[in-house]
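# Structural overview for review
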Amino acid sequence: RKEVEQDPGPFNVPEGATVAFNCTYSNSASQSFFWYRQDCRKEPKLLMSVYSSGNEDGRFTAQLNRASQYISLLIRDSKLSDSATYLCVVNGLGDGTASKLTFGTGTRLQVTL
Amino acid sequence: EAQVTQNPRYLITVTGKKLTVTCSQNMNHEYMSWYRQDPGLGLRQIYYSMNVEVTDKGDVPEGYKVSRKEKRNFPLILESPSPNQTSLYFCASSPLEGLDGIYEQYFGPGTRLTVT
């Protein structure tokens, strides 16, 4: 089983739709969680951190479920500019290396007119 | 402007010809890291450094070397490149905070390497 697993997609949605991505992680000792956004062949950029209580930033909502070991990202009112690959990132997989970030392979989102 | 820079951005080379990809950050970050990105495999960590003169292997260190002689620079060295090292490479830096260590990583623009 991969340490961090995501559905690769692509998710093709019309503008204005709501779309949700999930990401599962294998190690229950993982400490912190993030969503990064990556545009085609460009560098990843932090979209948002994921807190235990859930957090929202405009149209984006991130949630963490430690019991089931998954995190989610919800995008409301999708825009064409949201088209990108969304990377799930987990920090500190319990082997003593809290300095290690592990990236999922990403979920590709395509928003269309 | 706060940034991570990498050079070169594109490189085509031949098997066995030593090369260095430079990485520099101007944010005084303690933590720096190298990743490679391949289709279907995502970003995989090659090496990382917690501070000057402190480096450690990531998930795929074979065939690579790094050094951290100054805080701002973290070059990636391929002593004898092979075609399976053809990839998109990213350097990243981050401040170290608290017990968890790593929060936001700032990435360089990437280096596309082709080894023939």
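Please refer to the structure higher up on the page.
First things first, this report covers the structure right here in the doc.

Here is what the cut-offs are and how they apply
- All chains use their own residue numbering, which begins from 1 and follows the written sequence.
- The order in which chains are written sets their letters, starting at A; the order in which ligands are written sets their numbers, starting at 1.
- Restriction of local features to residues with pLDDT of at least 70 applies here, the model being predicted, together with a cutoff of 80 or more for giving and counting side-chain atom pairs; totals for whole chains, interfaces and linings are based on all residues.
- The basis for every side-chain value is the complete set of heavy atoms in the structure, and neither hydrogens nor water enter the calculation.
- Sulfur atoms of two cysteines make up a disulfide when they are within 2.5 Å.
- For the purposes of this entry, the term helix denotes a DSSP run of H or I that reaches at least four residues, the term strand denotes a run of E that reaches at least two, and both are numbered from the N terminus.
- Type-normalised accessible area, obtained with a 1.4 Å probe on protein chains alone, sets the label of each residue: buried when under 20%, exposed when over 50%, and partly exposed for intermediate values.
- Counted as salt bridges are all cases of a side-chain nitrogen of Lys or Arg within 4 Å of a carboxyl oxygen of Asp or Glu.

### Points about the state of the cysteines
Among covalent bonds in proteins, the disulfide is the one between the sulfur atoms of two cysteines. Residues and elements named next belong to chain B. Under the criterion given, the structure shown has two disulfides over all chains. Sulfur-sulfur distance for the disulfide between Cys23 and Cys91 comes to 1.8 Å. Judged by the sign of its S-S torsion, about -70°, the cystine formed by Cys23 and Cys91 is left-handed. Placement of the pair is Cys23 in strand E3 (residues 19-25) and Cys91 in strand E9 (residues 87-94), with a sequence separation of 68 residues. The exposure classification of Cys23 matches that of Cys91, with both residues buried.

### Side note on unusual backbone geometry
At the junction of A:Gly9 and A:Pro10, the peptide bond is cis and its omega measures out at 10° in the coordinates. Mapped onto the secondary structure, A:Pro10 falls in the loop between strand E1 (4-6) and strand E2 (11-14). Here the amide bond leading from B:Asn7 into B:Pro8 is cis, since omega sits at -5°, within 30 degrees of zero. Structurally, the position occupied by B:Pro8 is in the loop between strand E1 (4-7) and strand E2 (10-13).

### With respect to the pattern of salt bridges
Proximity of charged atoms lets side chains of opposite charge pair with each other. Residue and element names in this part refer to chain A. As enumerated under the stated definition, the model contains eight salt bridges over all chains in all. With its nearest N and O atoms 3.5 Å apart, the salt bridge here joins Glu56 to Arg76. One end of the pair, Glu56, is in strand E6 (residues 55-57); the other, Arg76, is in the loop between strand E8 (70-75) and strand E9 (84-91), with 20 residues separating them in the sequence. According to the relative accessible area criterion, Glu56 is exposed, its value standing at 59%. With relative accessibility at 26%, the residue Arg76 sits in the partly exposed group. For the salt bridge of Arg59 with Asp82, the shortest nitrogen-to-oxygen distance reads 2.8 Å. Separated by 23 residues along the polypeptide, Arg59 in the loop between E6 and strand E7 (60-65) and Asp82 in the loop between E8 and E9 bring together distant segments of the chain.

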